[in-house]
Amino acid sequence: MHVCIQILILIGLLYSVWQYQELKKFRVTPYQVVSGKVQEEIRLAVIADLHSFSYGKNNKRLIRALQMQRPDLILIPGDLIVTSRVDKYAASASFAQEIVKIAPVIYSNGNHESRAELPDYKEYPAYRAYRRRLEEAGVLFINNASLALNIRNTKLRVSGLEVPLPCYEKKKKMRLEKRFLHSQLGDAATDRLQLLLAHNPEFADQYAEWGADITVCGHNHGGLVNIPGIGSIISSQLIWFPEYDAGEFAFGKRRVYISRGLGTHTFHIRIFNRAELLAITVKPPDTACQTS
């Protein structure tokens, strides 16, 4: 009996040490997609669910990784903060102030930002100050709104979708009302590359159906626990075996990319589920087979 207890204690200690180290690591996950809507190669970097975490002093490791990707756009599909951790807002703001020096930064709300924006929420004043700081630095916020951009001889429309907070309730699977995206964003662009930032991946098929050529999501944190050969076990919303956990999902020619996130909150767990920075390269058809 004593031997069994000692073995369990040893396993627990080894697990704790492993998780402590694992939560300090991230990887760059590259994707390539071909689109007839781009004239030249466009590079997108995706930062999801950082939750005010820092990789090294002042997030130097993550900033350096971003610089190495040479992105044309940096997309943040929500949860750069943890709503209740007002003391950490400054770390996220400082990070944003640095990355706008690398490329334009477009930010749409996740559930943490949506909650903090409620006027009767106690963190509302601190969040408004945080947002003003980012806006003054040049960060572009789009919540149920769109921007038209021209990058590398290509026309883009970038839209940010904010879904109602009940869509994030634990243990519940939901669907958006059939015309929800149209009511919030109008019709998707057909004459330019349509990008969509949408924090909650639960509605991935609806994003593609709306007309987004490329959608970037976060929220599920890769399912927290990933078993090799099986996949994600449980999502951050406590949904077992989430269908849209992490990675690339194809809907015809349209793609949805779901990040495993870069930080954690509440459940500080990453089992075979390393944090990641997404690097998406969009190529025109005639260069898709060429080496860079």
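Reading the values: the criteria
- Residues numbered from 1 in each chain as written.
- Predicted model: local features only at pLDDT ≥ 70, side-chain atom pairs only at ≥ 80, totals over all residues.
- Heavy atoms only, no water.
- Disulfide = S-S within 2.5 Å.
- Buried < 20%, exposed > 50% of the residue type's maximum accessible area, 1.4 Å probe, protein only.
- Salt bridge = Lys/Arg side-chain N within 4 Å of Asp/Glu carboxyl O.
- Helix = DSSP H or I, 4+ residues; strand = E, 2+ residues; numbered from the N terminus.
- Core = buried A, V, L, I, M, F, W, Y, C linked by side-chain atoms within 4.5 Å.
- Contact = heavy atoms within 4.5 Å.

A. Focus on the state of the cysteines. Evaluated as defined, the whole model comprises 0 disulfides. With no disulfide partner, C167 has as its closest neighbouring cysteine sulfur the one in C217, 13 Å distant. Classification of C167 by relative accessible area gives buried; the value is 7%.

B. Geometry of the pattern of salt bridges. A complete count under the given rule lists 13 salt bridges for this structure. Notably, a salt bridge pairs R43 with E41, separated by 3.2 Å at the nearest N-O pair. Owing to a relative accessible area of 24%, E41 belongs among the partly exposed residues under this scheme. Between D205 and R175 there is a salt bridge, and its shortest N-O distance comes to 3.0 Å. Of the two residues, D205 sits in helix α7 (residues 204-210) while R175 sits in the loop between β7 (154-161) and α6 (180-185), which places them 30 residues apart along the sequence. Using a relative accessible area of 23% as the deciding quantity, one classes D205 as partly exposed. In the salt-bridge network here, residues are joined through shared partners; they are E117, R128, R131 and E135.

C. The arrangement of the nonpolar core in detail. Grouped together as the largest cluster of nonpolar side chains are 30 residues, with contacts concentrated most on I47, F95, I99 and Y130. Elements with a minimum of two residues in this core: α2 (60-69), β3 (73-76), α3 (89-99), β4 (105-107), α5 (124-137) and β14 (275-283). The biggest single contributor to this core is α3, with 5 residues. Contact partners of I99, with chain neighbours within four places excluded, come to I47, I63, L66, I74, I76 and V105.

As far as function goes, none of this settles anything; it's purely spatial.
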